[in-house]
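Reading the structure
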Amino acid sequence: MAVDTDRPRLGELCNPAKIVSHRAFIPSINEVNEGGTVIKVNEKKFLLKLKITNINVYTDLRDELGNPCVNISWILLTTAG
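Residues numbered from 1 in each chain as written. Predicted model: local features only at pLDDT ≥ 70, side-chain atom pairs only at ≥ 80, totals over all residues. Heavy atoms only, no water.

**Let's talk about the environment of Gly-35**
Mapping Gly-35 onto the fold places it in the loop between helix H1 (16-19) and strand S2 (37-41). Assessed through its relative accessible area of 42%, Gly-35 is described here as partly exposed. Note: C-alpha distance between Gly-35 and Lys-49 (14 residues apart in sequence) is 6.6 Å. (Helix = DSSP H or I, 4+ residues; strand = E, 2+ residues; numbered from the N terminus. Buried < 20%, exposed > 50% of the residue type's maximum accessible area, 1.4 Å probe, protein only.)

**Section: the pattern of salt bridges**
The final tally for this structure, using the stated rule, is 1 salt bridge. In this structure, Glu-12 and Lys-18 form a salt bridge, with 3.4 Å as the shortest nitrogen-oxygen distance. (Salt bridge = Lys/Arg side-chain N within 4 Å of Asp/Glu carboxyl O.)

**Overview of the state of the cysteines**
One covalent bond between the sulfur atoms of two cysteine residues makes up a disulfide. Inspection of the entire model under this criterion finds 1 disulfide. Each sulfur in the disulfide pair Cys-14 and Cys-69 lies 1.5 Å from the other. On the S-S bond that ties Cys-14 to Cys-69, the torsion sits near -115°, and the link is left-handed. Of this pair, Cys-14 sits in the loop between strand S1 (12-13) and H1 while Cys-69 is found in strand S4 (residues 68-80), placing the two residues 55 residues apart along the sequence. Taking the relative accessible area as the measure of exposure, Cys-14 reaches 36% and is therefore partly exposed. (Disulfide = S-S within 2.5 Å.)

**Looking at the side chain of Asn-56**
Along the polypeptide, Asn-56 turns up in strand S3 (residues 44-62). The contacts of Asn-56, once residues within four sequence positions are left out, are Ala-24, Phe-25, Ile-26, Cys-69, Val-70 and Asn-71. (Contact = heavy atoms within 4.5 Å.)

**Considerations on a nonpolar patch on the surface**
The grouping of Ile-29, Leu-50, Ile-52, Trp-74 and Leu-76 at the surface amounts to a nonpolar patch, some 500 Å² of accessible area in total. In this fold, Leu-76 is placed in strand S4. What makes Leu-76 exposed here is its relative accessible area of 53%. (Patch = residues over 30% accessible without salt bridge, like charges linked within 9 Å, V, L, I, M, F, W, Y side chains within 5 Å. Areas by Shrake-Rupley, 256 points an atom, 1.4 Å probe, with all protein chains shown as cover.)

See the structure below:
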């Protein structure tokens, strides 16, 4: 997953060890499009969907392009047919 910002800036680089000591901004989640991926295995189709359960944005931690670090939790929903 990639995160882009219209206001890139320098900051401390993203690092999982640093996330624990920084405060996160928790945005509201608005479901816009529930996409999915279909894979076929031996005549059987599987529909895979990711449902985002939590997003944390660390505005003081940045990647090498100046975008904020983001931590996302999700669950995988699978349908076989």
